[in-house]
Amino acid sequence: SFVSTATMEYSEGLLAGSWADAGDYTPAESPITLGDYAGTIANDGAGARILIVDDDPVHLRVLFNHLTSEGYAVVSAASGEEALQKLLEESVDMALLDVMMPRMSGYEVARQIRRSHPPSELPIILLTAKDQVHDLVQGLDAGANDYLTKPFSRLELLARIRNHLGIAAANVDEVTGIGNRRFIETALDQEWRRAVRKSSPLAFLKVSLDGFRLLPDADGNARVDECLKRVAAVLQEFGGAPASEPA
């Protein structure tokens, strides 16, 4: 049987702080959906697509060589404007941004990305020759997950990439390829804060599947997995649709 419950469920346990903290962090301005975590990367980052942004073609080539040698797919951009356009056209799992670029700095690109992609969905690592504390703070305030100063070690870069991709992958269910319980808790926390900040309603749909005990023991697990995958595909198709109105 298929049972769905449409309800307004709020859990204070999901909030890491009080209501007064609701404005401390500005999450994605578009609602987070089941489709935000399509299972495209393994726990080790295999198969990940990484956006690299730098106005220096030599630096772009160095990054390209480092990443492709490890099996990553690479999407490159020579400016902040081009990077944002690429994000509209292609799906990526991480962004490496040079900070010092003409017209639009890496800080501004990061801020623009964070308007639609929260840190748990699309990790950002800033790459720059600036190494002062205030530069680091400015980068983190712009929405970056991490900060690496030039010249950097190839091994350190790859280690940080693996770390952040692993954190992102931990939010994906291995069977269905969509967000797991950890993702739901994070997304609900962020959406709660957004609802409080904008004084808007928050809806939470809870779907339960039952009747699995009726399946034969011989192939029961396989059929359960197949059922979950099909339901996940339907939820991703409809739940992942963009909002009809601006958030």
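Overview of the structure. If you're wondering where the values come from, they're calculated on a predicted model, not measured in any experiment. (Residues numbered from 1 in each chain as written. Predicted model: local features only at pLDDT ≥ 70, side-chain atom pairs only at ≥ 80, totals over all residues. Heavy atoms only, no water.)

Examining the environment of Pro118
Part 1 of the argument: Along the chain, Pro118 turns up in the loop between helix H3 (106-114) and strand E5 (124-128).
Part 2 of the argument: Put simply, Pro118 and Gly143 are 25 residues apart on the chain and 8.4 Å apart in space, counted from C-alpha to C-alpha. (Helix = DSSP H or I, 4+ residues; strand = E, 2+ residues; numbered from the N terminus.)

Let's talk about unusual backbone geometry
Part 1 of the argument: Cis rather than trans, the peptide bond between Lys150 and Pro151 has omega equal to -5°.
Part 2 of the argument: Of note, Pro151 is situated in the loop between strand E6 (146-149) and helix H5 (154-169).
Part 3 of the argument: Non-glycine residue Arg103 carries a positive phi angle of around 70°.
Part 4 of the argument: Summarising the element assignment, Arg103 is placed in the loop between strand E4 (94-98) and H3.
Part 5 of the argument: Overall, the relative accessible area of 69% leaves Arg103 in the exposed class. (Buried < 20%, exposed > 50% of the residue type's maximum accessible area, 1.4 Å probe, protein only.)

Quick word on the pairing of E4
Part 1 of the argument: Of all 5 residues that make up E4, 5 are buried, and the element is covered over most of its length.
Part 2 of the argument: With burial as the criterion, each face of E4 is covered, one bearing Met94, Leu96 and Asp98 and the other bearing Ala95 and Leu97.
Part 3 of the argument: Alignment of strand E2 (residues 49-53) against E4, held across 4 bridges, turns out to be parallel. Residue pairing for E4: Val53 is matched across the bridge by Leu97.
Part 4 of the argument: Strand direction decides the pairing type here: E4 and E5, joined by 4 bridges, are parallel. Bridging from a neighbouring strand, Leu97 pairs with Leu126 of E5.
Part 5 of the argument: Viewed along the sheet, the connection from E4 through H3 into E5 turns out right-handed. (Pairing = 2+ DSSP bridges. Right-handed = clockwise from strand over helix to strand, strands pointing away.)

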